[in-house]
Each structure stands twice: as C-alpha cells, then as structure tokens.
Amino acid sequence: MLKFELLKTEGHARRGRLTLNHGVIETPIFMPVGTYGTVKGVMPRSLEEMGAQIILGNTFHLWMRPGLDVMQSFGGLHGFEQWHKPILTDSGGFQVWSLGAMRKITEEGVHFASPVNGDKLFMSPEVSMQIQTMLNSDIVMQLDECTPYWQGEKGGHVTTQAEARKSMEMSRRWALRSQAEFARLENPNALFGIVQGGMFEDLRQESLEALVAMDFPGYAIGGVSVGEPKELMNQIMAHTPHRLPAHKPRYLMGVGTPEDLVYGVHCGVDMFDCVMPTRNARNGTLFTRHGDLKLRNARHKADPQPIDPTCSCYACAGTSGVSWKDGGRAGFSRAYLHHLDRCGEMLSPMLSTVHNLHYYLNLMREVRAALDAGAYAAFMQQFAAERARGI
C-alpha cells in the first residue's frame with residue numbers, strides 16, 4: 001500500500017505526506033541507513049525519540065547474513081530488528097556494482113562470489129523481488145545497474161554517453177522484469193522504479209519517460225554521488241526530480257550533505273538517505289548549525305560547550321531536551337567527547353551518531369516547517385548563512 005498526498009508547493013519544493021503499510025511519513029524526509037538490520041551505533045528506541053519515521057535495510061547484505069530462512073522465521077525485517085515503522089530496502093544493485101572484479105553483469109542478472117564465504121551466487125530482478133518480498137519492506141526498489149562515473153580501475157575513463165545508454169537501457173528492461181515479478185508475488189507493498197542515465201540529461205529524460213509509462217507507485221533517482229564532481233550531481237538534481245509525476249513520491253538515492261538535502265528539496269525531492277551522518281560520526285566529524293566540527297582537533301580538549309549549543313539532542317542537552325543556548329546544562333561537553341574518542345571508548349561514536357542523526361532529522365523538520373509557512377526561499381538563505389559562519 002502507498003498513498004502520497006501533496007500538501008503544499010513552493011517552486012519545485014514540495015511538502016507531502018506518505019502513507020505506507022507500517023505508518024505515515026511526513027515529507028521531505030531523511031531516512032537513516034540500517035544496512036545489516038541496524039542503524040550503526042544507535043538504539044532503535046533512540047531512533048524513535050529523535051523522530052526517525054522510516055529507515056533503510058539492504059537486500060544484498062541481509063541475503064548474505066543472516067539469510068532468508070532466518071528472516072522468514074521472524075516474518076520479515078520488522079520483526080527481526082524490532083522496528084515497527086516503515087522500512088525501505090535497496091535492491092542490492094549498488095552493492096553488487098561495488099564488488100568490482102568479483103562480479104559479472106549480464107542481461108539475465110549478476111553472477112558474483114559471496115564476499116562472506118566465496119559461494120557463487122546470482123542476483124536477478126526476479127531474485128531481488130523475491131528477497132525483498134521475504135523482508136516485507138514497505139518500499140521495494142527495482143534491481144538496476146548503478147552507472148558509475150568512472151569506468152575501470154585506476155587509469156580508467158569517464159563513462160561515455162554510449163556506455164551510459166547501454167547501462168540505462170538494461171536497467172529499464174530490469175525494471176519491467178522487477179515489476180512483473182513483484183506482481184506475480186502479490187507483494188502488498190510499494191515498488192519504486194529507478195531513473196538512470198549517468199550525467200547525461202537526455203538519457204535521464206529517456207529513462208524517466210519509460211519508467212513513468214510503467215506507472216510505478218514512486219520513483220528514485222539513482223547513479224548520483226558515485227564519484228562525479230559536485231557540479232554534475234547538482235546538474236542532474238536540477239534536471240530530473242521535478243520532471244517526475246507530481247502525485248508520486250520522489251527519492252534521491254545516497255545523497256548526501258546537509259547542503260545537498262536543502263538543495264535537493266529545492267529541486268523537488270521528497271526522500272533522502274545517506275550513510276554520511278553515521279559514518280562521519282564514527283570518524284569524529286559532527287554536523288552543526290554553524291558548520292562541521294572535527295572532534296579530534298586538539299582545541300576541543302578542554303572545551304565545555306556541547307557539540308552544538310543550539311541542539312536539543314541527548315548528546316547536547318541530555319535528558320532535559322533543553323539546548324545549551326536556552327539554558328540547558330545536562331549534555332556532554334566537547335572536551336568529554338574528545339577524551340572518549342582519544343581513548344577509543346565506544347560511547348564517543350554512539351553519542352556522535354545520536355547527534356548527527358538528530359541534526360539531519362531536525363534539519364528536515366525545519367525544512368517542512370519552512371514549506372508549511374511558505375518561506376522556503378528565506379530558509380535556504382538563512383541555512384547557508386548559518387552553515388558558512390563556522391564554529
């Protein structure tokens with residue numbers, strides 16, 4: 001089941017509401033990534049407390065471990081990981097692509113060696129649909145070929161238009177096969193098609209039109225943030241989302257920075273995901289209203305401030321939920337987090353992850369509020385000015 005309501009627009013930016021089998025999502029939304037059935041470094045209860053409405057799982061990795069027999073015994077991914085709100089699963093196409101020399105892509109599907117135990121395996125559109133049906137994810141992604149920006153290993157070349165066309169056309173044929181198998185399985189959830197075409201606007205348009213003709217419940221833009229310069233990614237973001245059907249949700253896959261999210265909404269995107277907030281947290285980079293904080297810098301050794309004085313997350317404000325700026329004093333200092341990181345204590349990436357995810361989810365709350373108020377253009381200007389100010 002999928003129902004999308006378009007509540008308000010400002011230019012290409014959209015405020016919406018998405019109803020799925022496991023709950024309602026207010027859009028625009030950021031979706032934390034839970035590749036192996038968990039969002040790294042954070043308890044599911046914390047995800048709910050910080051306002052996560054939907055999370056991701058990964059078809060490829062969950063197929064490898066724990067396997068479909070285990071997943072079936074729990075009735076799917078919701079019961080297995082004890083997350084009872086919506087879940088979106090990636091098709092596995094990106095992970096198969098990232099295996100490089102370990103895989104062989106053919107029209108039928110992808111032959112590859114398991115990165116876990118070396119077993120010879122085969123992923124096809126039909127297999128991907130069967131796995132995702134077993135996972136019972138609310139949003140299922142078609143199997144596609146992620147068109148890379150670079151072809152080959154080091155010393156390779158930028159993907160040509162002919163190479164991008166060949167890849168896009170196969171993804172289009174795989175979309176038809178994914179759709180047919182999804183219907184055969186009588187999956188009660190929603191299947192999204194994925195627009196490909198590399199960095200070529202005409203190919204993006206061709207892919208888009210073909211997928212729209214297939215009448216998917218929702219659409220994603222794939223094949224961005226795969227090594228291309230930022231200006232090319234922004235070019236595709238400016239070209240593609242607003243050309244997708246207005247009455248259906250639009251998902252930009254694997255993007256990105258806070259600036260990318262704000263610009264993506266401006267271009268008409270409703271849904272985002274990225275590993276950046278969790279990965280950067282584990283590496284000591286924290287997002288704040290006034291720029292990025294490098295926790296490992298020596299200048300934080302005795303700093304009594306929280307990560308972000310304006311933030312109300314548990315790491316910054318403790319259980320009070322009152323920011324330092326508003327008089328709260330119950331959070332953890334930069335000095336303490338710097339100390340934990342230097343000592344290799346696991347609490348440091350845990351608190352950092354709570355903060356970064358809260359920052360992303362709160363940013364999207366502010367985006368929705370600005371759209372509700374008809375003030376998104378002003379919000380974009382204020383956001384850029386605050387981020388540029390620096391810590």
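Above this text you will find the structure in question.
Residues numbered from 1 in each chain as written. Predicted model: local features only at pLDDT ≥ 70, side-chain atom pairs only at ≥ 80, totals over all residues. Heavy atoms only, no water.

In terms of regular secondary structure, the protein is built from 15 helices and 18 strands. Judged by the C-alpha coordinates and their principal axes, the protein covers about 60 × 50 × 45 Å. Burial status across the protein gives 53% buried among its 391 residues. Accessible area of the protein: about 16300 Å², with a carbon and sulfur share of 53%. (Helix = DSSP H or I, 4+ residues; strand = E, 2+ residues; numbered from the N terminus. Buried < 20%, exposed > 50% of the residue type's maximum accessible area, 1.4 Å probe, protein only. Areas by Shrake-Rupley, 256 points an atom, 1.4 Å probe, with all protein chains shown as cover.)

Turning next to unusual backbone geometry. The peptide bond linking threonine 27 to proline 28 adopts the cis configuration, its omega dihedral lying at 5°. Within the element layout of this structure, proline 28 appears in the loop between β3 (23–27) and β4 (29–31). Put simply, valine 255 and glycine 256 share a cis peptide bond, and its omega is 0°. Its place among the elements puts glycine 256 in the loop between β15 (250–252) and α10 (258–266). With phi around 60°, glutamine 82 is a residue other than glycine that occupies positive phi space. Along the chain, the position of glutamine 82 falls in the loop between α4 (77–81) and β6 (87–90). For glutamate 186, which is not a glycine, the phi torsion comes out positive at approximately 55°. Position of glutamate 186 relative to the elements: it lies in the loop between α7 (161–184) and β13 (190–195). Residue classification places glutamate 186 among the exposed residues on the basis of a relative accessible area of 67%.

Now for the packing of aromatic side chains. Summed over the entire model, instances satisfying the criterion amount to 13 aromatic pairs. On the basis of an interplanar angle of 85° and a centroid distance of 5.6 Å, the ring pair of tyrosine 149 and tryptophan 150 is categorised as edge-to-face. Overall, tyrosine 149 belongs to the buried group, its relative accessible area being 14%. Residues tyrosine 359 and tyrosine 360 carry aromatic rings whose centres are separated by 6.1 Å and whose planes lie at 70° to one another, so their mutual orientation is edge-to-face. Residue tyrosine 359 is classed as buried on the basis of its relative accessible area, which comes to 10%. When its relative accessible area of 0% is taken as the criterion, tyrosine 360 is described as buried. (Phe/Tyr/Trp six-rings, centres within 6.5 Å; stacked < 30°, edge-to-face > 60°.)

Ranked by size, the top nonpolar core spans 70 residues in total, and within it Leu47 and Tyr376 carry the most contacts. Per-element tally for this core: the top contributor is helix α14 (residues 347–372), with 10 residues. The contact partners of leucine 47, leaving out residues within four places of it in the chain, are Pro32, Val39, Val42, Ala52, Ile55, Trp83 and Leu357. (Core = buried A, V, L, I, M, F, W, Y, C linked by side-chain atoms within 4.5 Å. Contact = heavy atoms within 4.5 Å.)

Below, the discussion takes up the pairing of strand β18 (residues 291–294). When strand β17 (residues 285–288) meets β18, the two strands line up antiparallel, connected through four bridges. Bridge pairing links threonine 288 to glycine 291 in β18. The loop that links β17 with its antiparallel partner β18 comprises two residues. (Pairing = 2+ DSSP bridges.)

Glancing now at α7. Spanning 24 residues, α7 covers 35 Å between terminal C-alpha atoms, matching the ideal 34 Å at 1.5 Å per step. Among the residues making up α7, those that are buried are Ala164, Ser167, Met168, Met170, Ser171, Trp174, Ala175, Ser178, Glu181 and Phe182. One or two positions beyond α7, positive phi appears at glutamate 186, with a value near 55°. (Expected span 1.5 Å × (residues − 1).)

Between helix α8 (residues 201–214) and helix α9 (residues 230–239), the least distance of the axes is 11 Å, while the angle of their chain directions is 40°. The angle between the axes of α8 and α9 places the two elements in the oblique class. Where α8 crosses over α9, the handedness of that crossing is right-handed. Taken together, the residues of α9 that come into contact with α8 (itself represented by Glu201, Arg204 and Gln205) are Gln235, Ile236 and His239. Split by residue class, the contact of α8 with α9 holds one nonpolar, three polar and two charged. (Axes fitted to C-alpha atoms, helices over the stretch in contact; angles between N-to-C directions. Parallel < 35°, antiparallel > 145°, perpendicular 65-115°, else oblique. Left-handed = near helix turned anticlockwise from the far one by under 90°. Nonpolar A, V, L, I, M, F, W, Y, C, P; charged D, E, K, R; others polar.)

Functional significance is not addressed by these values, which are geometric in nature.
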